[in-house]
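Residues per chain, in single letters:
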Amino acid sequence: MVAVASADGDLLAENLSLIARDVDSLLDSLMPVPDDKHARLIEAMRYAAIGGGKRLRPLLLVATAEMYGVHREAAMRAACAIESIHVYSLIHDDLPSMDDDDLRHGRPTVHKAYDEATAVLAGDSLHAMAFHILSDPQTSGDPFVRAELVHTLAGASGAHGMAGGQMIDMIAESEEFDLRTVTRLQQLKTGALLAASVEMGAILGRVPPEGRAHLRAYARDIGLAFQIADDLLDHEGDEAKAGKALRKDAGQGKQTFVSLLGIERAREQAKILVEQAVGHLASHGAEADLLRAVARYIVERDH
């Protein structure tokens, strides 16, 4: 179950460490390296997926699921599915045809460590693996729960979710965007998977759709707060801590929350969103403390 600690910081640190360990362990078991000619593909998948990232999406999913009494093993499987989608998106975003990045989590990106074709296949395979995990009876013995998990993640990762947001982001290099458009971009590109993490935790907990409205509101607010914090870090953060190139949006002429709002107003807006997110959990007691800690962490992190 969720670890118990005396304060937000301790609670979050303990659970971030725990989720990172558990995600790496499960992904390791899901991706054994075969003794044949496609081993290089599995190695590239493992290189991208194991041992890196904040694991924020898995943490949100597991924290929500455990709030409703879901067994951690089932929640971890769904968490690894959504992390696989997130990692696939990063592999593809880093490609020369997209963002053309050389570093991710302080290491060479997959297309630099391997090659572009292998990177594309590794991303494709992680995408497929996510739905293989969710459709497996080990994740849930209820076929209706499995179907809803697949439906939710497919919607969040496709043209009307993350991929659609990436398309708008690509257009941003050649067009001027207003605040409404930038908000929509980030609701799709970043917010969709964060929202799916919370939604999928509730699905595992068999919470009916009408009972998830407050969780959707929580996820919407932390999604926007997360992106504002990311824009602030891109503007004034430390590349060594970030483990990737910063200040690329400004160099490409893209509009961001920081460029449209200014630093101080953007920072204040992120704080308002976090407090709103925490407020949406008012009907819950101590069992939602980890979700509250995650919300506050989003604007306090330094990478």
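Residues numbered from 1 in each chain as written. Predicted model: local features only at pLDDT ≥ 70, side-chain atom pairs only at ≥ 80, totals over all residues. Heavy atoms only, no water.

Visitor: What should I look at first to understand the pattern of salt bridges in this one?
Guide: Charged atoms that come close allow side chains of opposite charge to pair. All told, the structure shown has 21 salt bridges when counted by the stated rule. A salt bridge links Arg72 to Glu66; the nearest nitrogen and oxygen atoms lie 3.3 Å apart. When its relative accessible area of 15% is taken as the criterion, Arg72 is described as buried. Glu236 is the partner of Arg267 in a salt bridge, and the nearest nitrogen-oxygen pair spans 2.4 Å. Of this pair, Arg267 sits in helix H15 (residues 263–279) while Glu236 sits in helix H11 (residues 213–236), placing them 31 residues apart in sequence. With relative accessibility at 42%, the residue Glu236 sits in the partly exposed group. What you see here is one network of salt bridges that share partners, running through Arg21, Asp22, Glu66 and Arg72. (Salt bridge = Lys/Arg side-chain N within 4 Å of Asp/Glu carboxyl O. Buried < 20%, exposed > 50% of the residue type's maximum accessible area, 1.4 Å probe, protein only. Helix = DSSP H or I, 4+ residues; strand = E, 2+ residues; numbered from the N terminus.)

Visitor: Just to check I follow, could you spell out the side chain of Arg72 for this structure?
Guide: Considering the arrangement of structural elements, one finds Arg72 in helix H4 (residues 72–93). Once you skip the residues sitting within four places of it in the chain, Arg72 turns out to touch Leu18, Ile19, Asp22, Val62 and Glu66. (Contact = heavy atoms within 4.5 Å.)

Visitor: When you look at the side chain of Arg77 in this model, what are you seeing that I'm missing?
Guide: Along the chain, Arg77 turns up in helix H4. Given a relative accessible area of 8%, Arg77 falls into the buried group. The residues contacting Arg77, other than those within four sequence positions of it, are Leu26, Leu30, Ile133, Asp136, Gln138 and Thr139.

Visitor: So what exactly am I meant to see when it comes to the environment of Arg216 here?
Guide: You can see Arg216 is positioned in helix H11. Separated by 17 residues in the primary sequence, Arg216 and Glu199 have C-alpha atoms spaced 7.0 Å apart. In contact with Arg216, not counting residues within four places along its chain, are Glu199 and Pro209.

Visitor: Where do I start with the packing of aromatic side chains in this structure?
Guide: The geometry of two aromatic rings is summed up by the distance between their centres and the angle between their planes. Scanning the entire structure with this criterion turns up one aromatic pair. Centroid distance Tyr47 to Tyr114: 5.7 Å. Interplanar angle 75°. Geometry classified as edge-to-face. Residue Tyr47 is found in helix H2 (residues 39–49), and its partner Tyr114 is found in the loop between helix H5 (110–113) and helix H6 (116–134); the two are separated by 67 residues along the sequence. Since its relative accessible area comes to 18%, Tyr47 is described here as buried. (Phe/Tyr/Trp six-rings, centres within 6.5 Å; stacked < 30°, edge-to-face > 60°.)

Visitor: Please explain the confidence of the model for the protein as it appears in this structure.
Guide: Caution applies to low-pLDDT parts of the model: their predicted coordinates are not meant to be read in detail. For the protein, mean pLDDT is 92; residues scoring 70 or higher make up 92% of the total. This model gives residues 1–6 a pLDDT under 50, and the stretch forms 13 contacts once residues within four places in sequence are excluded. (pLDDT = per-residue confidence, 0-100.)

Visitor: How should I be thinking about the packing of helix H3 (residues 56–67) against helix H10 (residues 191–204) in this particular structure?
Guide: Helices that pack against each other are described as a pair by the angle of their axes relative to one another and the distance between those axes. Contact geometry of H3 with H10 gives a least axis separation of 7 Å together with a crossing angle of 25°. One finds that H3 runs roughly parallel with respect to H10. As H3 packs across H10, the resulting crossing turns out to be right-handed. Residues Leu56, Arg57, Leu60, Leu61, Thr64 and Ala65 of H3 lie in contact with H10, whose contacting residues are Leu193, Leu194, Ser197, Val198, Met200, Gly201, Ala202 and Leu204. Of the residues that constitute the contact of H3 with H10, the class distribution is ten nonpolar, three polar and one charged. (Axes fitted to C-alpha atoms, helices over the stretch in contact; angles between N-to-C directions. Parallel < 35°, antiparallel > 145°, perpendicular 65-115°, else oblique. Left-handed = near helix turned anticlockwise from the far one by under 90°. Nonpolar A, V, L, I, M, F, W, Y, C, P; charged D, E, K, R; others polar.)

Visitor: What exactly am I supposed to notice about the packing of helix H1 (residues 8–30) against H3 here?
Guide: At a closest axis distance of 10 Å, the pairing of H1 and H3 adopts a crossing angle of 105°. When the axes of H1 and H3 are compared, the pair comes out roughly perpendicular. Of the residues in H3, those touching H1 at Leu12, Asn15, Leu16, Ile19 and Val23 are Pro58, Leu59 and Val62. Each residue belonging to the contact of H1 with H3 can be placed in one class, and the counts come to seven nonpolar, one polar and no charged.

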